[in-house]
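These are the residues of each chain, in order.
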Amino acid sequence: MKIKYIKAANVSVDDAIRLLEDNTRPFAVDVVNWESYPYKPNVEAQIAYIDDAILLKFNVKEQAVLARTTEPNGEVWTDSCVEFFISPNCNEEYYNFEFNCIGTPLLRHNKDGEVIFASDSIMSSIKTSSTLGNKPFEERKGDFEWSLAVVIPFVSLFKHNIDGVKGKTMKINFYKCGDNLTVPHFVSWTKIDTEQPSFHQPAFFGEVVFE
């Protein structure tokens, strides 16, 4: 996949939404990898990059939503959650960005079995906006549609010195999960060939080129 460049810098989340909607097309995050978890919400993602950041937008339709976690680097994956993993060097070293449906973020760097959480200052540099707002709530059942926009500055890839990505090849994956929902689910952009649910599989990330 090729990731489109948009000439801009230091944008707000509202600007990011407009730029993504004007310049990119959604693609499906729809691979069900494990028979034990057959439920597949309708999930689309959009991605582009600007001079100093990666822009993301997730669009979700699902049968229930949950948002208990409000602390950055908390257990957001137990809520209704979308995720973006990226390996800047196309190897086993990667970052996992995770966001519950009210925009609470988690960011970790992973290398050789060592996990490092991002600092408070790095976490505060990541901008999010959800159509569900930012207040926590217990599980709500029904037909829900929501979207989440994210601005990920290059500085949040805090173990790399990245001041631009033009022309670079990296490996990424997108996910949707909800571990503590009444109906747990685990879907991905690219197929993951493991026996048990695990998103932390850089061998199965998909290759992308930043135009």
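Residues numbered from 1 in each chain as written. Predicted model: local features only at pLDDT ≥ 70, side-chain atom pairs only at ≥ 80, totals over all residues. Heavy atoms only, no water.

Undergrad: Before we go on, may I ask you to explain the side chain of Asn-33 in this structure?
TA: Within the secondary structure, Asn-33 is located in the loop between strand 3 (31–32) and strand 4 (42–49). Here Asn-33 falls in the buried class, since its relative accessible area comes to 11%. Within the structure, the side chain of Asn-33 is placed 2.9 Å from the side chain of Ser-188, a separation counted as a polar contact. A distance of 2.7 Å separates the side chain of Asn-33 from the backbone nitrogen of Ile-192, its partner in a polar contact. (Helix = DSSP H or I, 4+ residues; strand = E, 2+ residues; numbered from the N terminus. Buried < 20%, exposed > 50% of the residue type's maximum accessible area, 1.4 Å probe, protein only. Polar contact = N/O pair within 3.5 Å; in protein donor to acceptor, adjacent residues only side chain to side chain.)

Undergrad: Would you explain the packing of aromatic side chains in this entry?
TA: Where two aromatic rings form a pair, the distance of their centres and the angle of their planes describe that pair. A complete count under the given rule lists 18 aromatic pairs for this structure. With centroids separated by 4.8 Å and ring planes inclined at 80°, the aromatic side chains of Phe-85 and Tyr-175 adopt a geometry described as edge-to-face. Residue Phe-85 is found in strand 6 (residues 81–87), and its partner Tyr-175 is found in strand 12 (residues 169–177); the two are separated by 90 residues along the sequence. Of the two residues, Phe-85 and Tyr-175, both sit in the buried class. Summarising the aromatic geometry, the rings of Phe-85 and Phe-205 are spaced 6.2 Å apart at their centres and angled 80° between planes, so their arrangement reads as edge-to-face. Taken together, the residues Phe-85 in strand 6 and Phe-205 in the loop between strand 13 (186–188) and strand 14 (206–210) connect sequence positions 120 residues apart. Side by side, Phe-85 and Phe-205 carry an identical accessibility label, which is buried. If you follow Arg-140 out to its NZ or CZ, it ends over the ring of Phe-137, 3.7 Å from the centre. (Phe/Tyr/Trp six-rings, centres within 6.5 Å; stacked < 30°, edge-to-face > 60°. Lys NZ or Arg CZ within 6 Å of the ring centre and 35° of its normal.)

Undergrad: Just checking my understanding: could you explain the nonpolar core for this structure?
TA: A general tendency of soluble globular proteins is for nonpolar side chains to be buried together. Core analysis: the largest hydrophobic core is formed by 41 residues, its most contacted members being Phe-84, Phe-97 and Phe-174. At six residues, strand 5 (residues 53–67) tops the list of elements feeding residues into this core. The contacts of Phe-84, once residues within four sequence positions are left out, are Ile-47, Ile-54, Leu-56, Tyr-95, Asn-96, Phe-97, Ile-152, Ile-172, Asn-173 and Phe-174. Counting 13 residues, the second largest nonpolar core, distinct from the first, contains Ala-8, Val-11, Leu-20 and Ala-53. (Core = buried A, V, L, I, M, F, W, Y, C linked by side-chain atoms within 4.5 Å. Contact = heavy atoms within 4.5 Å.)

Undergrad: Just to check I follow, could you spell out the pairing of strand 9 (residues 114–117) for this structure?
TA: Side-chain direction in a regular strand flips from residue to residue, so the side chains alternate between the two faces of the sheet. Summarising the sheet, strand 8 (residues 105–111) and strand 9 pair through four bridges and their orientation is antiparallel. Across the sheet, residue Arg-108 finds its bridge partner in strand 9, namely Phe-117. Taking the residues between adjacent antiparallel strands as the criterion, strand 8 and strand 9 are bridged by two residues, where Asp-112 takes a positive phi near 55°. (Pairing = 2+ DSSP bridges.)

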